[in-house]
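# Geometric and topological summary
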Amino acid sequence: MIEIMGKRNVLVICILFLIVLTVSRVLWTHTFGNQKTVHIAGGQLDLRGWDAESGEVLSLDGEWEFYPGRWLMEDEGPGAEEASAQLVQVPGRWNAALNPGEPTPYGYGSYRLRVYVDPEDKRNYSLRVSSVRSASEVYVNGRLLAGSGVTGKSREEYTARNLPYTTSFAADENGVIDIVVQAANFKDSRGGGIARSIKFGSEKTVTKTVNWSSYMQLLSAVFFLIHALYAFVLYWLGTRKRQLLYVALFAVSLSLSFLLSNDEKLFHHFFYIDYDWDFRVTNALLVVAGAAVIGCTDHQQLPIWRKIYPYYFAAAFGTAAVTLMLPTEGVLSLFPVYFVLLILAVVVVLIATFQKIIKNVVGQMPILLSFIAIVNHFAWTIIWREQGISVIHYPFDIITAMVLFASILFKDYFKTHAETKELAASLQRINENKDQFLANTSHEFRNPLHIMLNMSQAVLERERHALSGRSVKELETILSVGRRMSLLLDDLIDVNSLRVGTPRLVKRAVRIQPIVTGVMDMLEVAL
């Protein structure tokens, strides 16, 4: 009956926890769901009558004009632009549009979008370009405003760099905003062009949105780094439990992944690394995180996996090391290996976690709640994507899952620490009892030993002339051994007095000369 009641309570707690997570998501969407997707047709977007002060940020998704193999801002020839223009979906890969006969990710081209706003509205607007593979530059009304990397018509002329950037501008006197994005890709074989939605809104709103997104991503990264540091300190100062090292490694990998691959790519605000190293490190961290999350669980309890996991860890960390040495094309060729390693990691973690939960569902409540938080995170991500809802980065489900998961390991650590402390106290008590026993025994032995010595001394002195030589020698041996025992008992008593802080001092005259001579002899030998 108690077990049934416990399971019912677990179910109630899980439902309440899921309700809290869902309400938090809804509130976040209501508060920061100011990003709206507009559907562009024919390379034009009419925003006349749109209130830019409403706080909305628009995702410029839909049909953009695309000019394969042309720089609109550099190539000459009236009417050539219209003749070569075609409509493509943004965001999306340009492979088929770049070369219809033989799709290829490599090449260059220009995207164009005309936005119409109210001519009397003289406010400043902003564009947020998140990802254009793998070099780009933005022109508005014929002026170059921003870019990432160096665009070029060949591999030799261009430099790959795909970092987000923001630029601000105003419409012309007719309320026209002519946006041209020139892009080049000779590095990434997955596909070139605009990979993520370009955001548009008033300068104030876009800046605020970008700042909030950066703060949330930075919060996630700092949180995981603090957990990593805490786990490493506990490992270093505590019981050296290997799971703590894996928690630290997983948290560091996740934190760096947030900084490298999320929309704002904040890592590049602190350290500069080129396109190749960015790609290598991001994918290596993904593999390391998969291996580390397995190490955070009791995966060795799985019979078959117990024999396999040394090879898995060798393969995972070996793949990560090889990834750091390969060019971008080589890293892309390893994607199937990454996929297999990560799928295997997910399966092992799920089996190990559910096995632990089934054995003790009440005791493993934090792990169960952590699993619910992760599932909720991915479920809402899919829901937002399918509904076309774009909001500021929401980190709290993952943070909650990490706190709950880490709490189990930290709880085990503190439990072990308490048990160790209790054991140390028990050993201390045993040691004190031993010292007390030796002190009491020394006192008990001392009196009868002195009586035996005195009687032996008296018999030897009184009966020496009547005893045989052998008897005299045996009595002298008894006296010699007894005196040595007496000295040993005195030492035990002195040790106990030193332990309790009441040393017994015997004051008597000593000759300094032998002591000084002995010290001088020792110094001569040492030198």
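Relevant structure appears above.
All residue numbers here refer to positions counted from 1 along the written sequence of the relevant chain. For this predicted model, a pLDDT threshold of at least 70 governs which residues receive local features, and a threshold of 80 or more governs which side-chain atom pairs are given and counted, while totals over whole chains, interfaces and linings are taken from all residues. Side-chain figures throughout are based on the complete set of non-hydrogen atoms in the structure, without hydrogens or water.

This brings us to the overall build of the chain. Secondary structure follows DSSP: runs of H or I at least 4 residues long count as helices, runs of E at least 2 residues long count as strands, and numbering of each begins at the N terminus. What the chain contains, in helices and strands, is 14 helices and 13 strands. Relative to the compact-globule value of 24 Å for 527 residues, the chain shows a C-alpha radius of gyration of 39 Å, a clear excess of over 25%. Buried means the residue's accessible area, taken with a 1.4 Å probe over protein chains only, is under 20% of the maximum for its type, while exposed means over 50%, and partly exposed covers the values in between. Buried residues in the chain amount to 43% of all 527 residues. In what follows, a contact means two residues having at least one pair of non-hydrogen atoms within 4.5 Å. When contacts within the chain are restricted to residue pairs at least 6 apart in sequence, those whose partners lie at least 24 apart make up 76%. One finds the centroid of the 50 positive side-chain charges in the chain at a distance of 13 Å from the centroid of its 49 negative side-chain charges. Using C-alpha atoms as the atom set, the radius of gyration is obtained and then compared with a globule rule of 2.2 Å times the number of residues to the power 0.38. Positive charges are assigned to Lys and Arg, negative charges to Asp and Glu, while His and the chain termini are left out of the count. Lys charges are placed at NZ, Arg charges at CZ, Asp charges at CG and Glu charges at CD.

As a further point, take empty space enclosed by the protein. Note on definitions: the grid is 1 Å and covers protein atoms alone; a cavity is a set of points where a 1.4 Å probe fits but cannot get out; a pocket is an open set with protein on both sides within 12 Å along at least five of seven lines; lining residues have an atom within 4 Å of a point. Grid points are joined across faces, edges and corners, and a volume is the space filled by probe spheres set on the points. Applying the stated criterion across every chain yields a total of one cavity of 30 Å³ or more. By volume, the largest cavity amounts to about 80 Å³. Cys 296, Thr 297, Lys 356, Ile 367 and Phe 405 are the residues nearest the centre of the largest cavity, which is lined by 11 residues in total. For the lining of the largest cavity, the secondary structure elements donating two or more residues are helix H10 (335-359) and helix H12 (396-463). For the lining of the largest cavity, the class distribution of residues is six nonpolar, three polar and two charged. Note on residue categories: nonpolar means Ala, Val, Leu, Ile, Met, Phe, Trp, Tyr, Cys or Pro, charged means Asp, Glu, Lys or Arg, and polar means any other residue, Gly included.

In this section: helix H7 (residues 275-295). Helix span, as expected, comes to 1.5 Å for every residue beyond the first. Between its first and last C-alpha atoms H7 spans 31 Å; for 21 residues at 1.5 Å apiece the expected length is 30 Å, and the two agree. Counted residue by residue, H7 has 17 buried out of 21 residues, so it is predominantly covered. Near the N-terminus of H7, the side chain that reaches the backbone nitrogen of Asp 276, with its oxygen 3.3 Å away, is that of Asp 274. Counting of polar contacts relies on pairs of N or O atoms within 3.5 Å, with two restrictions inside protein: one atom must be capable of donating a hydrogen and the other of accepting it, and residues adjacent in sequence are counted only when both atoms are side-chain atoms.

With that settled, the discussion passes to the packing of helix H5 (residues 242-261) against H7. Fitting a line to C-alpha atoms yields each axis, with helices limited to the stretch in contact; the angle taken between N-to-C directions then spans 0 to 180 degrees. Closest axis-to-axis distance for the H5/H7 pair is 8 Å, and the angle between their directions is 150°. Judged on the interaxial angle alone, H7 and H5 are roughly antiparallel. In terms of crossing hand, the pair formed by H5 and H7 is left-handed. In this structure, H5 contributes Gln 243, Tyr 246, Leu 249, Phe 250, Ser 253, Leu 256, Ser 257, Leu 260 and Ser 261 to the contact, and H7 contributes Asp 278, Val 281, Thr 282, Leu 285, Val 288, Ala 289, Ala 292, Val 293 and Gly 295. Working definition: roughly parallel below 35 degrees, roughly antiparallel above 145 degrees, roughly perpendicular at 65 to 115 degrees, and oblique for all remaining angles. We call a crossing left-handed when the near helix sits turned anticlockwise from the far one by less than a right angle, and right-handed when that turn is clockwise.

Relative to the elements of secondary structure, Asn 376 occurs in helix H11 (residues 365-387). A distance of 2.9 Å separates the side chain of Asn 376 from the side chain of Asp 397, its partner in a polar contact.

Within soluble globular proteins, side chains that are nonpolar generally end up buried alongside one another. To qualify as a nonpolar core, a set must consist of buried Ala, Val, Leu, Ile, Met, Phe, Trp, Tyr and Cys residues joined through side-chain atoms within 4.5 Å. If you look at the biggest cluster of nonpolar residues, it comprises 40 residues, and the most contacted ones within it are Phe 224, Ile 294, Tyr 312 and Met 402. For this core, the elements supplying multiple residues, two or more each, are helix H4 (203-237), H5, H7, helix H8 (303-323), helix H9 (328-333), H10 and H12. At seven residues, the largest contribution of residues to this core is made by H5. Counting 36 residues, the second-largest nonpolar core is a separate cluster that includes Val 138, Ala 146, Phe 169 and Ile 194.

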